[in-house]
Every structure is written in structure tokens, then in C-alpha cells.
Amino acid sequence: MREFVFDNSTRIIFGPESEKQLGSEISRFSKKVLLHYGGGSIKKFGVYDKVMGNLNKSGIEVFELGGVKPNPTLDKVYDGIELCRKNGIDFILAVGGGSVIDSAKAIAMGVEYEGDFWDFYEKGVPVKKALPIGVVLTIPAAGSEASTASVLTNESNKLKISASSLLIRPKFAVMNPTFTFSLPPYQTAAGIVDMMAHIMERYFTQDRNVDFTDKLSEAALRSIIKNAGKVMENPEDYDARAEIMWAGTMAHNDILGVGRRSDWATHAIEHQLSSLYDMTHGAGLAVIFPAWIRYVKDAYIEKIMQFFHEVFDVEAVFENPDYVVGEGISRLKRFYKSIGMPTSLEEAGITDNRFEEMAELCTRCGYVGSFKKLGKDDVVEIYKLAGK
């Protein structure tokens, strides 16, 4: 196990009617707030009214900026930065899922920066100051409600990349599982794949003697798989929704990655799919992860075998590792399909071949991954394996 420092200061307010604590939480930081959200769903299903009611009761002045798209782009960030500067706004409340939260984080960094906020993403400029952020989570998936990362897509050059700083970890996250009852099945399933991928990116490591976090990760994955079927069958199963919601946060709040080097190649490879084809991130991960496992398996096949044995109950036939891996990949893909996710580019409706272009974008800064370092040619082969 590697040396580590674990620091997560996000206050979690979880449960039915947890949004009633919004006013008191925000009042610790500000009385002037930018309310940042996506499309019309929060208004259609009553979340907006509940949030605004609690903010108004607390005498908080609210400025609104909606319209954040999935795979968020830069335009709303520039709008948000201008709005905050013009009105002296010093707190951002993101109501939505990962796209909204990531956009809010970018605004928080940009308001306090004299240059172009995109410098934090493309140039890796360190963040020295940022506005505080709060979250009302409506889509369990990205785990951005308690993470230090933000991912955006630059439409001008098709780069989908991340920035990270402790300063953009949300101060609090309000998590009411009933807010997820209205999620469409496809969006629910894509979120489940995303949170599983966050765990798997950390699980597949070359570091030895990380048994404790291995077991935490395996248990988290089994719990997600168990409850995924329940929420797909009954979207208003509160207990199952609560389990999924909390699992999404735990998957990406860093606790499962302490003492080990994570991989993240699969996310880097998928980001090009969602950038070029506007593909749902979780659906893209369901396509890429099985192909990645097949390609990198020989880098540490014992770890791959352990994963499939502990999470998918594949018999541990140590004298036949190819069987374990092959059967494990089949079970992983069957699970994805059982919740309505594609498991190949063809199933996702992507039939043109832009593998070279995507691989070039993916590896523009050099190799990706640590479980097995991948160059451009490796990434092309993974896209090929994901084809059908």
C-alpha cells in the first residue's frame, strides 16, 4: 500500500426532505447565490420549487443560469462567470447531476481567475482561489458532488478533459433519493455504469497489498449490481434508490482509491466517444470497459481473475485464466445489457471508423493508464475490440 493523505470535507445531507436544510447550509457562506441547473426536468418534477422555496425562506438572493447540456461545454461557463462578476455573487448552487456540477465548478474557478478558465483544463494551471459550491443531487452517476474534478468539452477542438483541485470540492451535497424517482431508465442505467467504472478504475491497479480497499470495492460493486435490478424494475423503490445514490458518491469521493495508483485509461478513451458523438458517458463506458479488460488482461491477469471471481462469481479456475477472463467479460456484458446499456459501438449506433482520430486526441499528452500504459496504437486496438 502506498502512502496517502485522505481529505474529503464535503458535508453530506442525505434523506427525504433533506433539501429543507438548504437555507441554513448556504447561509453559512453567502446570501447571494447563482442557481445553476440543466434542462426543464427539475421544474417539471418539482425539485426547482422545493429548492427555491427553501432559499426564499432564508432570505437568499438567487440569480439563475439554466440550460447546461449533458457533456457540458464552455458557453454556459463563460455566461456564469460574467453573471457572478456583474452581480457580486459569491456562492454557486448546482442542482442536477455531474454535468451541472462540473459546469458549476468551472464557473467557481473562473470567477476568481484573471485569464481564461480553460487554462485550468488544457494547460493544467493550478487553481489558487475558487467560489464555494453546494449541490442538490438529482442524478447519481458522476460522483462530482463530493469529488475534486470537473470534466468539460471544448466544442472548438473536440477536447473533453478534466481539471482538478481541492478548492472545487463541494462544501455540501443535499441528497434526497426521491429526487431520482423520475429519472428515465436509460439515464438511471448510464449512471450505474459510470459509478461502477469509477470503482473499477481504482480497483485495477498494479499495486499489491491493497486488500482492504479491494474488499470495499468488491462489496460496493456487488451492492450496486444487486440494487440496479431493483431500481430498473421499480423506479420508486426508495431503499434501492438510496443505496444507488450513496454508492455513486462513495465510488468517487476518493475513499476507494487510497494507497493505490488508479488507472483512468477507460475514461480517457471513452471521453472521445462522448465528445465526437455526444454519447452518454455511462453508455460509452459500457462499450469500452469490456474491450479494455480484454486488451490489458495479461498485464496482471491475477487481478482480472480476482475481480471476476469476487464480483461476478466466476469460478476461480487458476489453471485456465483465459476461461475466467472470457466468462467474466461475458457476465459483465450481460449485466450491462440487462439494464439496457450497449456493449459495442455497433449497438450504440456508431458505425463509422474514426479510431485514429479519437486515439490521437486521447493520447495527445502521451500514454494513458497505469495498469498498462497505452499509446495511440493500443487505444486504436481497444476501439476495434469495442466495435462489435
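Scoring rules and cut-offs
Residues numbered from 1 in each chain as written. Predicted model: local features only at pLDDT ≥ 70, side-chain atom pairs only at ≥ 80, totals over all residues. Heavy atoms only, no water. Helix = DSSP H or I, 4+ residues; strand = E, 2+ residues; numbered from the N terminus. Contact = heavy atoms within 4.5 Å. Pairing = 2+ DSSP bridges. Axes fitted to C-alpha atoms, helices over the stretch in contact; angles between N-to-C directions. Salt bridge = Lys/Arg side-chain N within 4 Å of Asp/Glu carboxyl O. Buried < 20%, exposed > 50% of the residue type's maximum accessible area, 1.4 Å probe, protein only.

What is the right way to read the environment of Ile92 from this model?
Along the chain, Ile92 falls in strand β4 (residues 92–96). Taking the C-alpha atoms as reference, Ile92 lies 21 Å from Asp119; in sequence the two are 27 residues apart. Sequence-distant contacts of Ile92, defined by excluding residues within four places in its chain, comprise Leu34, His36, Ala104, Ile107, Ala108, Leu131, Pro132, Ile133 and Gly134.

Explain the sheet that holds strand β5 (residues 133–137) to me, please; I cannot follow it from the model alone.
Sheets are built from strands paired through backbone hydrogen bonds, the pairs being either parallel or antiparallel. Ordered in space as β1-β8-β5-β4-β2-β3, the 6 strands form an open sheet in which the pairing is parallel. If you trace the sheet from one side to the other, it starts and ends with β1 (11–14) and β3 (61–65), each paired once. Here the average twist between neighbouring strands, direction ignored, is 20°. Bridge count between strand β2 (residues 32–37) and β4: 4 bridges; the pairing is parallel. Paired with Leu35 across the strands is Leu93, a residue of β4. Helix α9 (residues 238–251) contacts β1, β5 and β8 (172–175) of the sheet and is inclined by roughly 170° relative to β1.

Explain the pattern of salt bridges to me, please; I cannot follow it from the model alone.
Where charged atoms of side chains with opposite charge meet at close range, the side chains can pair. Using the criterion set out here, one finds 23 salt bridges in the structure. For Glu310, the salt bridge goes to Lys215, with nearest N and O atoms at 3.8 Å. One end of the pair, Glu310, is in helix α12 (residues 301–312); the other, Lys215, is in helix α8 (residues 211–233), and 95 residues separate them in sequence. Given the relative accessible area of 28%, Glu310 is considered partly exposed.

Read these as geometric descriptors, not functional statements.
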